[in-house]
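Here are the chains, one letter per residue:
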Amino acid sequence: MDLTIEVDDYKLNIRTAGIIIHENKILTHRDVNKDHYCLPGGRVQIGENSEETIKRELKEELGKEIEISKYISTIENFFEMENKKYHEIFFLYQVEFKNEDDKKINYTMYNIEGKEYLHYEWIDLNDIDNCNLLPICLKNILKMKQFPVHIINDDLNKICIKQK
């Protein structure tokens, strides 16, 4: 069971995501029906830690085994989507594919769970400012290169706070 709880007019999510960097590009996922990109990952399940989650999610979505290189950030993310307010605790790791052939992938990949609307696309880090990558604070995290970092990203009140 995913750690998603509805409380009043909020939805609380516990989520984890992975940054895969290859040839100065990061792997993102995009719902072709939406106008933004996110990092691949998903919701933590009850009894599962965030490291287990990112490994499970990429195996389920892409059929790929990964290993975690380092912990990058925890983001407290507040946003609104489809007229619903979200409070999200977001764990971010740098990961890489285990298989040597997978490490050479530079093409668009597709979800193997039957979610045809999900595409996994590489975005050039040099063009990151021109990409609608969410949460918005991810762009700054990728540029900072100083980890770990704790971010409070509140799109509802238009604030972003970096904690040390």
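Above this note sits the structure.
Residues numbered from 1 in each chain as written. Predicted model: local features only at pLDDT ≥ 70, side-chain atom pairs only at ≥ 80, totals over all residues. Heavy atoms only, no water.

Participant: Sorry if this is basic, but what is going on with the overall build of the protein here?
Facilitator: In terms of helices and strands, the protein carries two helices and 11 strands. Relative to a compact globule of 164 residues, whose C-alpha radius of gyration would be 15 Å, the protein shows 15 Å and is just as compact. Seen through its principal axes, the protein has C-alpha atoms that stretch 45 × 35 × 30 Å. The buried share of the protein, taken over its 164 residues, is 45%. Of the accessible surface of the protein, which amounts to about 9100 Å², a share of 46% is contributed by carbon and sulfur atoms. (Helix = DSSP H or I, 4+ residues; strand = E, 2+ residues; numbered from the N terminus. Rg over C-alpha atoms; globule rule 2.2 N^0.38 Å. Buried < 20%, exposed > 50% of the residue type's maximum accessible area, 1.4 Å probe, protein only. Areas by Shrake-Rupley, 256 points an atom, 1.4 Å probe, with all protein chains shown as cover.)

Participant: In this structure, what is going on with the nonpolar core? I would like to understand it.
Facilitator: Here is a general trend for soluble globular proteins: nonpolar side chains tend to be buried in one another's company. The biggest cluster of nonpolar side chains holds 19 residues, and the ones touching the most others in it are Ile26, Leu92, Leu133, Leu138 and Ile141. Sorting the residues of this core by element identifies strand 2 (10–19), strand 6 (66–81), strand 7 (84–97), helix 2 (137–144) and strand 10 (149–154) as the ones contributing at least two each. Looking at this core element by element, the count peaks at four residues for helix 2. Not counting chain neighbours up to four residues away, the residues in contact with isoleucine 141 comprise Ile72, Ser73, Ile75, Leu92, Phe147, Val149 and Ile151. One finds Ile20, Ile54, Leu118 and Trp122 within the second-largest nonpolar core, a separate group that totals 14 residues. (Core = buried A, V, L, I, M, F, W, Y, C linked by side-chain atoms within 4.5 Å. Contact = heavy atoms within 4.5 Å.)

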